[in-house]
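Observations on the three-dimensional arrangement
Now for the letters of each chain:
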Protein chains: 2
Amino acid sequence: MKNPIRIGILGCGNVGSALVYLVAQEPDEFTVEKIAVNRIEASREPHIDISKLTADSSSVVVDQNVEIVVELIGGITVAKDLIELALKNKKPVVTANKELMAKHGTELLRIAKDNGVDLLFEASVCGAIPIVRLLKESLVGEEITRIVGILNGTTNYILTKMTEDRLDFEQALQMAQKLGYAEKDPTADIKGYDAGAKAAILTSSAFITFVDPDSVFIEGIADITLQDIDFAIKNGMVIKLVAVIEKLRNEISSELQISIRVHPMMIKISHPLASVRNSYNAVFIEGEAIGEMMLYGKGAGGLPTASAVLGDILDAKHNMSLNTFNRFAEPRLIPIYDQNKLTSEFYIAVDVADEPGVLAKVAQIFGSNRISISSMEQNGFGQNARLVFFTHSAMEADMKETVNQLSELESVKKVGSVIRVMV
Amino acid sequence: MKNPIRIGILGCGNVGSALVYLVAQEPDEFTVEKIAVNRIEASREPHIDISKLTADSSSVVVDQNVEIVVELIGGITVAKDLIELALKNKKPVVTANKELMAKHGTELLRIAKDNGVDLLFEASVCGAIPIVRLLKESLVGEEITRIVGILNGTTNYILTKMTEDRLDFEQALQMAQKLGYAEKDPTADIKGYDAGAKAAILTSSAFITFVDPDSVFIEGIADITLQDIDFAIKNGMVIKLVAVIEKLRNEISSELQISIRVHPMMIKISHPLASVRNSYNAVFIEGEAIGEMMLYGKGAGGLPTASAVLGDILDAKHNMSLNTFNRFAEPRLIPIYDQNKLTSEFYIAVDVADEPGVLAKVAQIFGSNRISISSMEQNGFGQNARLVFFTHSAMEADMKETVNQLSELESVKKVGSVIRVMV
């Protein structure tokens, strides 16, 4: 007869409820001792045993019968206090909390280490995709050079609908909201903050460093137009919101630095990331020995996320049985690479008054900022003329200055999207 | 000061040489004690320390200074004896040997267990893709329903060249041989045997069972024509050689069974597997909680495979430090599902003499075998007429009988490719 592991759960929303469902399939392995909820009287799915609910979340953490604490509350304040309390009570913690791990992961991992217990967080990045485990175990000896991830399912869904069904951004967003992929206030997703927090966690795991999520360079997708999408398709590409994490050397000091950025990118349709559709996530990894590798899967949702939590619970249980815990190497401080010094190929759309000489003026600005144009196309005529450019590799600072100067040209009505192109 | 782990390597070909290169990057972590080779005098890359070479492979295995044995000889006989000897000497073994693990994996894992040491084999399936670890760790609580894998890089390269560069099969094979992707005798790859062995290992890992690789249903790609490829493209699909592993219930006894098959398949271009190009591998997994997941990466090559070996070495080392080893659950016997009873949609090409009434005769044979046609198209006229059909879901046995009867029709010159379509 096995001794089932006794779990205490903080939070019983979508993921918590799915977790209770999953562990109930294996009664020999697990038993749920207590579930902390905000409102005991709220209606629950029938598989939730309401006798286990409590409104006193710290009682779950300190309960002598609870062996592993699962934190599914989200947010930074309460969750952090409860996780600290659990760790200091020598209880392993499994969390799906991306904001918290992005902001305070290093600190909490140190507390876990000091108390000799696990703090596992696979579910905090990309739901069912086991990227944290992959980085910590399979790729531990690997020299990773670049990671490109589609880390946000909402924006990927919106961009897929724009590309495949020719909805405009607002229509696609409304559809995502109707289907529950986007929240009422979609800011965190469409502005790229959600992807930025996940990128910070990935960076910490992949490069054993600490990155403040506020230091991630972020651009969202709200300004992408159907014209941009069409132009990408015409050139054999799709537009994706990606997080790019890259090891680079400072060009003067040759110091190792790291670039972390979230922004839309045009990607060739033959690239594996281009086939990541709808609300799926994927992480594309480049390394010296492995070459290229990609993980693809559901980034959110109750069952997929609960499945990742369950994997961590099993890991924590295994470690407990061996009287050990996952030791993370001490993070190094790796400086952030100056975004202005990055180079990239760019797509840029400029709405102009279609007058003689306008192209010359525009081209002159590109040239004077050391940006060379690889192709140009004019769409529309007269008052609706739009010039669309692809550039050769150019420096971010130069592109910024080009956009500024273009905006000041009298014959330029508007500088539209500026989108980086993956090479 | 760390105590580097002392490795003994059996075999110093492509992967062995790359492994020596990788471990030399971390001299605090690893040291290579001895390397067994066939011919000491053969020329080696400069990073191989020839003073460590020996022609006596069992001396490596029994050497008191060797803590972990890495088997990279390949083949079944010698490798099996050496691995057994190592395990019985209580030494963990890491192997990249797919034939051996497919054929004798269960037996060897039992010997490892009896001796309380690890036998790890990540590198034996899909090179750098950490699919074994994923199945054993992240997905251990998951109810996997189906796995579809592109497990052979050579055939995927050939099919990619046929699709993208319109080479015929022979031309694409020659190109693969010139580039070193295909061997001089390409039988094991193009007939599907290599993919079949990997499918057997995957099945054992995913479903905790033992599958004799000889019981895997196998069809290769040698008969696929450019016409088939063109027809796939025209219908928004590509042709891939896939391994399908599926849990099914016997329709009478409702007993749990498993279907394992390797064959070409038409896959919609929007499916993530369709974007796996050239010599890359991928494993697409469907499960009840995770939904869909895919791993993509290099399936072969010195460095990618050595990288997987290194991951296993680190794992074995970690376990040794905890006085433990990976315990695999005792395999169950799961019967193989009768291939004849499987259902699928089919593509089938039939070369006919273009005479009045021929379509009626052909259609009559489909109908009398309970196969309903979803679309039909005639290409060419007169003596070069070809009828191409897509069927609705049909049973394998019925399709086999249909092909037999069609072949006997006087107006049918040849039944060409019969390719399953993924739904």
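**Section: the overall build of chain A**
Along its length, chain A carries 13 helices and 17 strands. Whereas a compact globule of 423 residues would reach a radius of gyration of roughly 22 Å, chain A reaches 24 Å, a difference of no more than 12%. Buried positions account for 57% of the 423 residues belonging to chain A. Taking the intrachain contacts of chain A between residues at least 6 apart in sequence as the baseline, contacts between residues at least 24 apart amount to 74%.

**Here's the deal with the relation of the copies chain B and chain A**
Superposition of chain B onto chain A requires a rotation of 180 degrees combined with a translation of 0.0 Å along the rotation axis, giving an RMSD of 0.0 Å. The operation mapping one copy onto its partner corresponds to a two-fold rotation axis. In terms of proximity to the rotation axis, the leading residue of chain B is Leu295(B), whose C-alpha is 2.3 Å off the axis. Residue by residue, 100% of the interface of chain B is reproduced at the interface of chain A, so both copies engage with the same surface.

**Digging into the interface of chain B and chain A**
Taken together, the contact pairs 36 residues of chain B with 36 residues of chain A. The interface formed by chain B and chain A holds two salt bridges in total. Among the salt bridges present, the one from Arg133(B) reaches Glu137(A), with a minimum N-O distance of 3.1 Å. The interface formed by chain B and chain A holds nine residue pairs in polar contact (both at pLDDT 80 or more) in total. For the side of chain B that touches chain A, the secondary-structure elements that each account for two or more residues are helix H5 (131-138), strand S11 (280-287), strand S12 (291-298) and helix H11 (302-321) of chain B. The greatest single-element share of the side of chain B that touches chain A, amounting to eight residues, is contributed by S12(B). Of the residues contributing to the side of chain B that touches chain A, the split by class is 20 nonpolar, nine polar and seven charged.

**Structural notes on the environment of Phe169(A)**
Residue and element names in this part refer to chain A. Turning to its location among the elements, Phe169 is positioned in helix H7 (residues 169-178). Judged by relative accessible area, which is 7%, Phe169 ranks as buried. In this structure the C-alpha to C-alpha distance between Phe169 and Asp223, which are 54 residues apart in sequence, comes to 8.0 Å. Phe169 has contacts with Ile158, Met162, Ile190, Ile221, Ala222 and Ile224, leaving out every residue within four places of it along the chain.

**Re the pattern of salt bridges**
All names here are of chain A. On inspection of all chains with the given rule, the structure shows 58 salt bridges over all chains. The partner of Glu286 in a salt bridge is Arg146, and the shortest N-O contact between them spans 3.0 Å. In this pair, Glu286 is assigned in strand S11 (residues 280-287) and Arg146 in strand S7 (residues 144-150), connecting sequence segments 140 residues apart. Arg146 shares its class with Glu286; the two are buried.

**Overview of the side chain of Asn152(A)**
Residue and element names in this part refer to chain A. Within the element layout of this structure, Asn152 appears in the loop between S7 and helix H6 (153-165). Judged by relative accessible area, which is 3%, Asn152 ranks as buried. If sequence neighbours within four positions are ignored, Asn152 has contacts with Asp189, Asp194, Ala195, Lys198 and Asn281.

**Here's the deal with the packing of aromatic side chains**
What the rule picks out here adds up to 14 aromatic pairs over all chains. For the ring pair Tyr347(B) and Phe390(B), a centre distance of 5.8 Å and an interplane angle of 55 degrees mean the geometry is tilted. Of this pair, Tyr347(B) sits in strand S13 (residues 343-352) while Phe390(B) sits in strand S15 (residues 385-391), placing them 43 residues apart in sequence. Geometrically, the ring pair formed by Phe366(B) and Phe389(B) is tilted, given 4.8 Å between the ring centres and 50 degrees between the ring planes. Residue Phe366(B) is located in helix H12 (residues 358-368), and its partner Phe389(B) is located in strand S15; the two are separated by 23 residues in the primary sequence. Exposure class is identical for Phe366(B) and Phe389(B). Each is buried. Lys317(A) extends its terminal NZ or CZ atom over the ring of Phe30(A), reaching a point 5.9 Å from the ring centre.

**Focus on the domain arrangement of chain A**
Residues and elements named next belong to chain A. The domains assigned to chain A are domain 1 (5-127 + 302-321), domain 2 (131-298) and domain 3 (341-421). The straight-line distance from the C-alpha centre of domain 1 to that of domain 2 is 27 Å. With both sides pooled, the region where domain 1 packs onto domain 2 buries about 1,400 Å², and carbon together with sulfur makes up 63% of that total. If you look at where domain 1 meets domain 2, you find four salt bridges. The tally of links between domain 1 and domain 2 comes to six residue pairs in polar contact (both at pLDDT 80 or more).

**Observations concerning the sheet that holds strand S2 (residues 30-36) of chain B**
Residues and elements named next belong to chain B. Taken together, six strands build an open sheet; the order of strands is S3-S2-S1-S4-S5-S6 and the sheet is parallel. Lying at the two open borders of the sheet, with one neighbouring strand each, are strand S3 (53-54) and strand S6 (119-120). Sheet topology note: the strand S1 (residues 5-10)/S2 ladder contains six bridges and is parallel. In the strand pairing of S2, Ile5 is matched with Phe30. Along the sheet, helix H3 (residues 77-88) makes contact with S1, strand S4 (68-71), strand S5 (93-95) and S6, crossing S5 at roughly 155 degrees. Sheet contacts for H11: S1, S2, S4, S5 and S6; angle to S4, the most-contacted strand, approximately 155 degrees.

**Overview of the sheet that holds strand S3 (residues 53-54) of chain A**
Residue and element names in this part refer to chain A. Overall, parallel pairing links the six strands, which are arranged S3-S2-S1-S4-S5-S6 in an open sheet. The open sheet has two edge strands with one neighbour each: S3 and strand S6 (119-120). Here strand S4 (residues 68-71) runs beside strand S5 (residues 93-95); their pairing, made up of three bridges, is parallel. Pairing of Glu71 across the sheet is with Thr95, part of S5. Strands in contact with helix H11 (residues 302-321) are strand S1 (5-10), strand S2 (30-36), S4, S5 and S6; relative to S4, the strand with the most contacts, it is inclined by about 155 degrees.

**Considering the pairing of S4(A)**
Side-chain alternation along S4(A) places Ile68(A) and Val70(A) on one buried face and Val69(A) and Glu71(A) on a second face that is also buried. Following the chain from S4(A) across helix H3 (residues 77-88) of chain A to the adjacent parallel S5(A), one finds a crossover that is right-handed.

**Digging into unusual backbone geometry**
Trans peptide bonds make up the majority, and among non-glycine residues the majority have a negative phi. Despite not being glycine, Cys126(A) has its phi angle at roughly 60 degrees, a positive value. Assignment of secondary structure puts Cys126(A) in the loop between S6 and helix H5 (131-138). When its relative accessible area of 1% is taken as the criterion, Cys126(A) is described as buried. Here Arg166(B), not a glycine, exhibits a phi torsion of approximately 55 degrees, which is positive.

**Looking at the packing of helix H1 (residues 14-24) of chain A against H11(A)**
Describing two packed helices takes the angle between their axes plus the distance from one axis to the other. All names here are of chain A. Two numbers describe how H1 lies on H11: the axes approach to 8 Å, and their chain directions differ by 60 degrees. In terms of orientation, H1 and H11 fall into the oblique class. Judged by the sense of rotation from one axis to the other, the crossing of H1 with H11 is right-handed. Along its contact with H1, which presents Asn14, Val15, Ala18, Leu19, Tyr21, Leu22 and Val23, the element H11 presents Gly302, Leu303, Thr305, Ala306, Ser307, Val309, Leu310 and Ile313. By residue class, the composition of the contact of H1 with H11 is eleven nonpolar, four polar and no charged.

**Here's the deal with helix H10 (residues 226-234) of chain B**
Residues of H10(B) that are buried: Leu226(B), Asp228(B), Ile229(B), Phe231(B) and Ala232(B). Where H10(B) terminates, the next one or two residues include Gly236(B), which has phi positive at roughly 70 degrees.

**Here's the deal with helix H4 (residues 98-114) of chain A**
Since one α-helical turn is 3.6 residues long, residues separated by three or four positions face the same way. Residue and element names in this part refer to chain A. In H4, a bend of some 85 degrees at His104 exceeds every other bend along the element. Those residues of H4 that sit buried are Lys98, Leu100, Met101, Ala102, His104, Gly105, Thr106, Leu108, Ile111 and Ala112. Those residues of H4 hidden inside the fold are in contact with S4, H3, S5, S6 and helix H9 (193-207). With a side-chain oxygen positioned 3.4 Å from the backbone nitrogen of Glu99, the residue opening H4 is Asn97. At the exit of H4 stands Gly116, carrying a positive phi of roughly 65 degrees.

Conventions used here
- Residues numbered from 1 in each chain as written.
- Chains lettered and ligands numbered in written order.
- Predicted model: local features only at pLDDT ≥ 70, side-chain atom pairs only at ≥ 80, totals over all residues.
- Heavy atoms only, no water.
- Helix = DSSP H or I, 4+ residues; strand = E, 2+ residues; numbered from the N terminus.
- Rg over C-alpha atoms; globule rule 2.2 N^0.38 Å.
- Buried < 20%, exposed > 50% of the residue type's maximum accessible area, 1.4 Å probe, protein only.
- Contact = heavy atoms within 4.5 Å.
- Least-squares fit on C-alpha atoms with pLDDT ≥ 70 in both.
- Salt bridge = Lys/Arg side-chain N within 4 Å of Asp/Glu carboxyl O.
- Polar contact = N/O pair within 3.5 Å; in protein donor to acceptor, adjacent residues only side chain to side chain.
- Nonpolar A, V, L, I, M, F, W, Y, C, P; charged D, E, K, R; others polar.
- Phe/Tyr/Trp six-rings, centres within 6.5 Å; stacked < 30°, edge-to-face > 60°.
- Lys NZ or Arg CZ within 6 Å of the ring centre and 35° of its normal.
- Domains from an automatic or database assignment.
- Buried area = accessible area lost by both parts, 1.4 Å probe.
- Pairing = 2+ DSSP bridges.
- Axes fitted to C-alpha atoms, helices over the stretch in contact; angles between N-to-C directions.
- Right-handed = clockwise from strand over helix to strand, strands pointing away.
- Parallel < 35°, antiparallel > 145°, perpendicular 65-115°, else oblique.
- Left-handed = near helix turned anticlockwise from the far one by under 90°.
- Bend = angle between axes of the 7 residues up to and from the residue.

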